[in-house]
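The chain contents come next:
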Amino acid sequence: MRTVLYDEHAKLNAKFTEFNGWDMPLYYRSIIEEHMAVRRHVGIFDVSHMGDITVKGKDASAFLDHMFPTKVSNLKSGECVYTAFLNEDGLMIDDTIVYRMGEDSYFFVPNAGTTEKIYRWVTDHSKGYDVRIENVSNKISSIALQGPESEDVLKELGFTYPGYFKFQYDNGKYMNPITGKDQIIISGTGYTGEKGVEFIIPNEFAVELWKKLLEAISRRNGLPAGLGARDTLRMEKGMLLSGHDFNEDRDPYEASVSFIVNNDGDFIGKKKLDERRKSDHEIFRGFILSDGIPRNGNLIKADGKRIGTVTSGTISPVLNKGIALGYIDKAYSKENTEVMIEIRSVDHRAVVSRPKIVK
Amino acid sequence: MTEVPEGLNYTKTHEWYKKDGKTATIGITDYAQSQMTDIVYVDLPKVGDKKKAGDVLLTIESVKSAEDVYSPITGTVTAVNDEVVKHPESINKDPYGSWLVKMTIESEGEHLSASEYRKLIQ
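The model shown is predicted, which means the values in this text are computed figures rather than measured ones.

**Some details on the overall build of chain A**
At step 1: Within chain A, the secondary structure is distributed over 8 helices and 19 strands.
At step 2: Since a compact globule built from 359 residues should have a radius of gyration of about 21 Å, the 20 Å found for chain A is in line with a globular shape.
At step 3: Relative to its 359 residues, chain A shows a buried fraction of 59%.
At step 4: For chain A, long-range pairs separated by at least 24 residues make up 68% of all intrachain contacts whose partners lie at least 6 apart in sequence.
At step 5: A gap of 3 Å separates the mean positions of the 48 positive and 52 negative side-chain charges of chain A.

Here it is in structure tokens:
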């Protein structure tokens, strides 16, 4: 599948990669340059491969409070929250951001590879609730504007920054299938750890907005950035990648996102999650290596035994050192604990860090 | 878009080599570097190492992955390019200028001409 912006990427000589069935830009010229542009200035990303599912109706709040470990009905209109879908065993199926548009009106953004599965999951669980669930993913494009100068770019283009985990609407020319009105949604969210927004817009508006943003960021040493930089940026900040850092095998406590569990109601997976919490023995941490570049699947060792596994690894463009994310035995999870990471049969020294490796 | 210069020999595993009498100068192709993304580390063999065609010759690491580079020929390593160790990104910028290893040629493995290699990566 191609996003509406495919031809724009091709014009920029993007190197494409297949990601969950989508032909997405992996990079344009260099992952490291794009990464640093976002950390120092600003960058834009086509994230139209992400899903968009609306939940509307009288029981929308009650239904979503049942679907998530997070009490999403605590959101006010115009606020959004990071959370995850759990299965009956309390394990994370997918992480997502849930947006509250009104009293009985929400939407959420699942990952590209899990949108169909999640759509079925919520639909299958909606029996008995007065809700209408619609998967509008194919009608929606998304562009992320990220970096310390993102707010300046927004202002130049006549937009305002909505605030962290808040969102607002701007008048648009095309009907937005999420809101049903001629609107663009500007959300104070992202996947880079930098200040920024995500534009959630009707497909018809995507090329025009991309071109405007590209022109504005180019005046500031900003760059369009691909999935390569998106991955290295999120790794430095310890953000989970669905399907890699968890895949229905970890609960929110293990994944170091215990803050999403704040729902005293009866949500899916609650019972097992309470039991697991007491027995969990591994936890998600970051690792900084002295040398070597860790990769998914590398073993983490200490005291001559295996204590964990790397789930994501790269070289950090900011630190210029190998960094990893992964799960280790809680006994070794304290910051600065020395461990070894085995990369292609050679042990490399590493220290444990919080998942947010780059402050 | 991807460069495949004439006059070089290519392998199915995306190495190039240039013959100069009994010496081969070896590197990776433009296609290979573009697939790998930003190259950040090169682990070269030692001068004197003997390799058979198809053996792992060296390893290149990028932001995204670690990839083995295979020996296109059977022979002995006579020189390694320390410049690419200091500046791994030079392989991205100039894959045919950034040679990795020189070897004496005992025998060549299976190899492709420029036009055959172009077809392979299309």
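**So, unusual backbone geometry**
Residue and element names in this part refer to chain A.
At step 1: For Asn13, which is not a glycine, the phi torsion comes out positive at approximately 60°.
At step 2: Turning to its location among the elements, Asn13 is positioned in the loop between helix 1 (6-11) and strand 1 (15-19).
At step 3: Judged by relative accessible area, which is 48%, Asn13 ranks as partly exposed.

**Focus on the nonpolar core**
Residues and elements named next belong to chain A.
At step 1: Grouped together as the largest cluster of nonpolar side chains are 46 residues, with contacts concentrated most on Met92, Tyr99, Phe107, Ile178 and Leu240.
At step 2: Counting residues per element, the ones that place at least two in this core are strand 2 (22-27), helix 2 (31-40), strand 5 (80-86), strand 6 (92-102), strand 7 (105-109), strand 9 (140-146), helix 7 (227-236) and strand 17 (321-329).
At step 3: If near-sequence neighbours (up to four positions away) are discounted, Tyr99 is found in contact with Glu79, Cys80, Ser105, Tyr106, Phe107, Val109, Phe167, Ser187, Thr189, Glu198 and Ile200.

**A word on the pattern of salt bridges**
Residue and element names in this part refer to chain A.
At step 1: One pass over the full model with this rule turns up 35 salt bridges over all chains.
At step 2: For Asp65, the salt bridge identified is with Lys71, shortest N-O distance 3.5 Å.
At step 3: In this structure Asp65 comes out as buried when scored by relative accessible area, which is 11%.
At step 4: Ionic contacts of the salt-bridge type, sharing partners, join the residues Glu149, Asp152, Glu156, Glu215, Arg219 and Arg220 into one network.

**Quick word on the environment of Lys56 of chain A**
Residues and elements named next belong to chain A.
At step 1: Looking at the element boundaries, Lys56 is found in strand 4 (residues 53-56).
At step 2: With 33 residues separating them in the primary sequence, Lys56 and Asp89 have C-alpha atoms 27 Å apart.
At step 3: The residues contacting Lys56, other than those within four sequence positions of it, are Met101, Asp104, Ser105, Asp130, Val131, Arg132, Ile178 and Thr179.
At step 4: At 2.8 Å, the side chain of Lys56 forms a polar contact with the backbone oxygen of Ile178.

**Overview of the environment of Glu254 of chain A**
Residue and element names in this part refer to chain A.
At step 1: Counting through the fold element by element, Glu254 comes out in the loop between helix 7 and helix 8 (270-279).
At step 2: When the C-alpha positions of Glu254 and Leu91 are compared, they lie 9.6 Å apart, and in sequence the two are 163 residues distant.
At step 3: There is a polar contact of 3.3 Å between the side chain of Glu254 and the side chain of Arg250.

**Brief notes about the packing of aromatic side chains**
At step 1: For the structure shown, the criterion picks out 15 aromatic pairs over all chains.
At step 2: On the numbers, 4.5 Å between centres and 45° between planes, the contact of Phe68 of chain A with Phe85 of chain A is tilted. Within this pair, whereas Phe68 of chain A is found in the loop between helix 3 (60-67) and strand 5, its partner Phe85 of chain A is found in strand 5, the two being separated by 17 residues in sequence. With respect to class, Phe68 of chain A is no different from Phe85 of chain A; both count as buried.
At step 3: The interplanar angle of 45° and the centroid separation of 6.0 Å between the aromatic rings of Trp16 of chain B and Tyr96 of chain B together place this pair among those described as tilted. With Trp16 of chain B in strand 2 (residues 15-20) and Tyr96 of chain B in the loop between helix 3 (90-93) and strand 9 (101-108), this residue pair connects regions lying 80 residues apart in the sequence.
At step 4: Taking relative accessible area as the criterion, Trp16 of chain B reaches 3% and is therefore assigned buried.
At step 5: Three or more aromatic residues joined by ring pairs make a cluster, and in this case those are Tyr99, Phe107, Phe167 and Tyr169 of chain A.

**Brief notes about the pairing of strand 2 of chain B**
All names here are of chain B.
At step 1: The pairing of strand 1 (residues 9-10) with strand 2 spans 2 bridges and is classified as antiparallel. Counterpart to Asn9 in the pairing with strand 2 is Tyr17.
At step 2: Once strand 1 ends, the chain turns through 4 residues before running back antiparallel as strand 2, passing His14 with a positive phi of about 75°.

**Remarks on the side chain of Arg100 of chain A**
Residues and elements named next belong to chain A.
At step 1: In this structure, Arg100 sits in strand 6.
At step 2: Comment: no salt bridge for buried Arg100; closest opposite-charge side chain is Glu103, at 4.1 Å.
At step 3: A polar atom in the side chain of Arg100 sits 3.2 Å from the side chain of Tyr106.
At step 4: Discounting residues that sit within four places of it in the chain, Arg100 has contacts with Ser61, Ser73, Leu75, Lys76, Ser77, Gly78, Glu79, Ser105, Tyr106 and Phe167.

**Let's talk about the interface of chain A and chain B**
At step 1: On the chain B side, the residues contacting the 14 residues of chain A number 15 residues.
At step 2: Interface of chain A and chain B: buried area, both sides summed, is about 1200 Å²; carbon and sulfur atoms make up 53% of it.
At step 3: When the area that chain A buries against chain B is broken down by residue, the three leading residues are Lys15, Arg295 and Arg344 of chain A, summing to 38%.
At step 4: Joining chain A to chain B, the criterion identifies 2 salt bridges.
At step 5: Among the salt bridges present, the one from Arg344 of chain A reaches Glu61 of chain B, with a minimum N-O distance of 2.7 Å.
At step 6: Summed over the shared surface of chain A and chain B, the number is 11 residue pairs in polar contact (both at pLDDT 80 or more).
At step 7: For the side of chain A that touches chain B, the element with the highest residue contribution is helix 2 of chain A, accounting for 3 residues.
At step 8: In terms of residue class, the side of chain A that touches chain B is made up of 6 nonpolar, 4 polar and 4 charged.

What counts, and where the lines are drawn
Residues numbered from 1 in each chain as written. Chains lettered and ligands numbered in written order. Predicted model: local features only at pLDDT ≥ 70, side-chain atom pairs only at ≥ 80, totals over all residues. Heavy atoms only, no water. Helix = DSSP H or I, 4+ residues; strand = E, 2+ residues; numbered from the N terminus. Rg over C-alpha atoms; globule rule 2.2 N^0.38 Å. Buried < 20%, exposed > 50% of the residue type's maximum accessible area, 1.4 Å probe, protein only. Contact = heavy atoms within 4.5 Å. Lys, Arg positive; Asp, Glu negative; His and termini not counted. Charge placed at Lys NZ, Arg CZ, Asp CG, Glu CD. Core = buried A, V, L, I, M, F, W, Y, C linked by side-chain atoms within 4.5 Å. Salt bridge = Lys/Arg side-chain N within 4 Å of Asp/Glu carboxyl O. Polar contact = N/O pair within 3.5 Å; in protein donor to acceptor, adjacent residues only side chain to side chain. Phe/Tyr/Trp six-rings, centres within 6.5 Å; stacked < 30°, edge-to-face > 60°. Pairing = 2+ DSSP bridges. Buried area = accessible area lost by both parts, 1.4 Å probe. Nonpolar A, V, L, I, M, F, W, Y, C, P; charged D, E, K, R; others polar.

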